[in-house]
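Single-letter residue listing:
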Amino acid sequence: MPWYIYLALRQIFPRGRLVSPFFLLSVLGVTLGVMILIIVQSVMGGFGQTYRELIVDTNGHLRVETGGVDYRYRETVERLREDPAIRAAAPFAQGVVMLQHRQQPAFPYIRGIEPWSEGKVIPLDDFMIRGSLDDLHDDSILLSSVLARQLRADVGATVDVYTPLMLDQLKEDEVLLPRELRVAGIYETGWNQFDSTTMVATLRLMQDLYAMEGGAHGIAVRVNPGVDEFQVAQRLNEELGPPYRAVTWTQMYEDFLWVLQLEKSVMFFLLLFIVLVAAFAIAISMLLTVLRKTREIGLIGAMGGGARNLAASYCFQGFFIGVCGSIAGTGLALLALRYRDEIVSAFATVTGSRDVLIQFYQFAHLPAHYNPRDFVIIIAAALLLSTAAGFLPAFRAARLKPAEALRHE
Amino acid sequence: MSDVTVDRMEAVLRVRDVRKSFRSGTRTFEILNGVTFDVAAGESLSIRGESGSGKTTLLNIVAGLETADAGGVLWKDLKAHEQSPRALCRWRRDFVGMVFQAYYLIPEMNALENVLFPARLRGGISRTERERAAALLEAVGLSGRMESLPATLSGGERQRVAIARGLMNRPALLLADEPTGNLDERTSAAIMSLLLDVCRGESAALVLVTHSPVYAAQTSRTALLHEGRLE
Ligand SMILES: Nc1ncnc2c1ncn2[C@@H]1O[C@H](COP(=O)(O)OP(=O)(O)OP(=O)(O)O)[C@@H](O)[C@H]1O
Ligand SMILES: [Mg+2]
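Residues numbered from 1 in each chain as written. Chains lettered and ligands numbered in written order. Predicted model: local features only at pLDDT ≥ 70, side-chain atom pairs only at ≥ 80, totals over all residues. Heavy atoms only, no water.

(A) Geometry of the packing of helix 2 (residues 21-59) of chain A against helix 17 (residues 372-399) of chain A. Residue and element names in this part refer to chain A. Running from amino to carboxyl end, helix 2 crosses helix 17 at an angle of 160 degrees, the nearest separation of the two axes being 10 Å. If you check the angle between helix 2 and helix 17, you find them roughly antiparallel. Every pair of crossing elements has a handedness; the one defined by helix 2 and helix 17 is right-handed. For the pair formed by helix 2 and helix 17, the contact residues are Val30, Val34, Leu37, Ile38, Gln41 and Ser42 on the first element and Asp374, Phe375, Ile378 and Ala382 on the second. (Axes fitted to C-alpha atoms, helices over the stretch in contact; angles between N-to-C directions. Helix = DSSP H or I, 4+ residues; strand = E, 2+ residues; numbered from the N terminus. Parallel < 35°, antiparallel > 145°, perpendicular 65-115°, else oblique. Left-handed = near helix turned anticlockwise from the far one by under 90°. Contact = heavy atoms within 4.5 Å.)

Put into C-alpha cells, the structure is as follows:
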C-alpha cells in the first residue's frame, strides 16, 4: 500500500478510535445526497416508465392515419395484419360527445373500436373492472372508472349521448333526441387522466354518431415483441406513402414525454446541490485537518514524503468519502425504495393526505424504475465532487514548506 | 574549536561556507555568515548557541529543508544544494533522519507504526522492516509499548519513539534539534546517552543542537554558533 493511502486511512480510521468524526460527518453528507438523488430519480423514472407503458397500452405502438376520415381503412388494416413485424392492427374512430346520466353531464372522448380486433392492440380486457367487453354491442358503451363514478352510472344503466352533429339539428330547429345507450362495462387503466375522460363504443356506433359511414380515423398498431416500433414506423411511411402517416407513441405524446424528462433532469440538478453542499463540508473539514496537522505535514516532508504524494493522500480521503457515501446512500435508497409503499402509507396516515397524493400523482402506488444509467451518473457525480473537495486541502498541504510548517505554532 | 573540517574520506556531511540572511521589513538579518564543518561516519558533533543564533536554520539547510543563499552542502558525494526539491526529498528519505524538540509523532498511529512510517515512505514494508522497527524500539527501551498511542506515552517515551523513527531507514546522518528541550533533567540525561549510543550502534553521524554544555561535552566534537560562524 503506498504510504499516502496508508496515511489517509490512518487519519480516517485512527488507532484507538473506530473512525474519525470528521470522516463520519462528511460521509453522512454524501450519503444523504446520493440517497435522495437515487430515490427521486428512481421514482421519477418509475413515473416515466409507468406513463410510457400506459401510453403504449392505451394507444398501441403506432397509429396509421390519413389526417382525416379514411374510407379505405379495411384494405390497409388487412395489409398491416400481413406484415410480419406487426402483431395486430385495429381501426378506430374518435371524437368528443356529451354524456348525461341523472342530470349529471360529462364531456368525454369517445373511441369507436372493433371489439374483436381492438383487444390485440390495446389490452382492454385486462382493464375491465365490471361487465365485459363481450357485452359491447352497437347499442352499448364502456365507461372509464372515474367517469362512471362521476355520472353515478353502473353497469346496466342507460346514459344519454349527444354528439356534435346534433348541433346542426338544433340550428334547424329540429327536436333534439339523444341516443340512449346502455353501460356494458367499466374499465380502469390506472392512469387517472385517462380514466376520467374516456369512453369506448363500437366503431359502427361511432360511425353512426359521427356520420362517417364506412370510415375510420386511424389504425392502431401493436408490433411483435422484440421488434423496434420506430423502424416499423419508418418502413410503413415509405411503404404506405401519402396520405398515410405512421405516428409512433412517442410522437403522439412528444410534449408530455419531454416535460416528464425535463422534470427528471431538473430534479437531478436541484438535488445535486445536496451533494455539492456535502462537498463543501468535506472541503472545510479537510482544510481544518490540514491546518491542525500543519506540523505533522511538515514532518512528513522533512522525512522525505513528496508533496505530490501528500496531496494525493488528501484527494484520496475525499475520494474515499465519496465511495463510502455512495455505497451507504445507494444502500439506504434501495432499502427506502423497497419499502416505499409502507413509507408512503405511513406518511399519508400521519398527514392524512393519501387522496391528495393519488390525485396529484395519478397513481395509487408509488412506482420506481431502476435505471443503471441514473445510478452511474449519480455515483460518478458524488465521487467527482467529493474528490474535487479534497483538492483545496490537498493543494494547501502540498504547498506547505516543511521548514515553515515545522516552525508553525 | 580550531579545526571544524575533517579531511577524511568517510566524511558523511560537508558544509562549506553556508550563508543565510532573512529580510524583515527593510532590515536584513545575517543569520549564517559562512558556516563550514564536516562530520564523519559514526562521529557526533554538537552545536550550541544562543537562542536565535541560527541553529535550527543551519540544521534545516543541512537537511535540505531550506536553501542557503550561498555555500554548499554535500551528503557524501551528493551536492545537496544543487538538487531539485523533488530529488532532494527522495535523497533525504534515505540519507537523513531527524529528531525534534517537540517529537512530532503522528497521533493516529501507534509507536510501532510511527517508527515504521519512514520505511513506508521508501516503499512497501515487509517482515524485515517490522523486525527492524521492533529492534529499534527495544533499543530505546520501549519493547513493551509498541502498540501504545503517542497520547498515552510520556514526553521521554515519545522522544525515544522519535529517535527510533529517525533511525528507521538507516540514515547516514541524524539531525537532532534540541531533543531534550521539553524534558526534565533526569530524562534528558537518559535520552542523550541513548541517542549517542544508538547512533554509535547504527554508525550514523549525529549533529546535535543543544543548549546544555553538559550534553555537548558528551559528543565527539563540539562547536558554538556565534554571530553566524562556528567557533
Ligand atoms: N523564515 C524566516 N523568516 C524570517 N526570519 C527567520 C525565518 N526563519 C528564521 N528566522 C530568524 O532567524 C533567526 C534564527 O532562527 P533559528 O530558529 O535558526 O534560531 P535558533 O538558533 O534555532 O534559536 P532557538 O535556540 O531559540 O531555537 C531568528 O532570529 C529567526 O527570527
Ligand atoms: Mg531552534
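(B) Looking closely at the side chain of glutamine 317 of chain A. Checked against the element boundaries, glutamine 317 of chain A lands in helix 14 (residues 307-338). Here glutamine 11 of chain A takes part through its side chain, which lies 2.9 Å from a polar atom of the side chain of glutamine 317 of chain A. (Polar contact = N/O pair within 3.5 Å; in protein donor to acceptor, adjacent residues only side chain to side chain.)

(C) Just empty space enclosed by the protein, in detail. Overall, the coordinates contain one cavity of 30 Å³ or more when judged by the stated rule. Taken as a whole, the largest cavity holds about 90 Å³ of empty space. Met303 of chain A together with Arg93, Val96, Gly97, Met98, Pro118, Arg165, Gly166, Met168, Asn169 and Pro171 of chain B are the residues that line the largest cavity. For the lining of the largest cavity, the secondary structure elements donating two or more residues are strand 6 (96-99) and helix 5 (155-167) of chain B. The greatest single-element share of the lining of the largest cavity, amounting to three residues, is contributed by strand 6 of chain B. (1 Å grid on protein atoms, 1.4 Å probe; cavity = no way out; pocket = protein on both sides within 12 Å on 5 of 7 lines; lining within 4 Å. Points joined across faces, edges and corners; volume = space filled by probe spheres on them.)

(D) The arrangement of a negative patch on the surface in detail. Residues and elements named next belong to chain A. A cluster of acidic residues, Asp125, Asp126, Asp134 and Asp135, forms a negative patch on the protein surface. Tracing the backbone shows aspartate 135 in the loop between strand 6 (128-131) and strand 7 (140-144). For aspartate 135, a relative accessible area of 36% corresponds to the partly exposed category. (Patch = residues over 30% accessible without salt bridge, like charges linked within 9 Å, V, L, I, M, F, W, Y side chains within 5 Å. Areas by Shrake-Rupley, 256 points an atom, 1.4 Å probe, with all protein chains shown as cover. Salt bridge = Lys/Arg side-chain N within 4 Å of Asp/Glu carboxyl O. Lys, Arg positive; Asp, Glu negative; His and termini not counted. Charge placed at Lys NZ, Arg CZ, Asp CG, Glu CD. Buried < 20%, exposed > 50% of the residue type's maximum accessible area, 1.4 Å probe, protein only.)

(E) Structural view of the pairing of strand 10 (residues 198-202) of chain A. All names here are of chain A. For strand 10, the buried fraction is high: five of the five residues fall into the buried class. Where strand 5 (residues 109-113) and strand 10 come together, five bridges link them in parallel fashion. Within strand 10, the residue paired with tyrosine 109 across the bridge is threonine 198. In this sheet, strand 10 lies alongside strand 7 in antiparallel orientation, the contact comprising two bridges. Within the sheet, the bridge partner assigned to leucine 142 lies in strand 10 and is valine 200. (Pairing = 2+ DSSP bridges.)

(F) Quick peek at the packing of aromatic side chains. Per the counting criterion, the structure on display carries 13 aromatic pairs over all chains. Ring geometry for phenylalanine 268 of chain A and phenylalanine 269 of chain A: centres 5.4 Å apart, planes at 80 degrees, overall edge-to-face. Taking relative accessible area as the criterion, phenylalanine 269 of chain A reaches 53% and is therefore assigned exposed. When the ring centre of phenylalanine 92 of chain A is taken as origin, the NZ or CZ atom of arginine 111 of chain A, which lies over that ring, is 4.3 Å away. When the ring centre of tyrosine 6 of chain A is taken as origin, the NZ or CZ atom of arginine 120 of chain B, which lies over that ring, is 3.5 Å away. (Phe/Tyr/Trp six-rings, centres within 6.5 Å; stacked < 30°, edge-to-face > 60°. Lys NZ or Arg CZ within 6 Å of the ring centre and 35° of its normal.)

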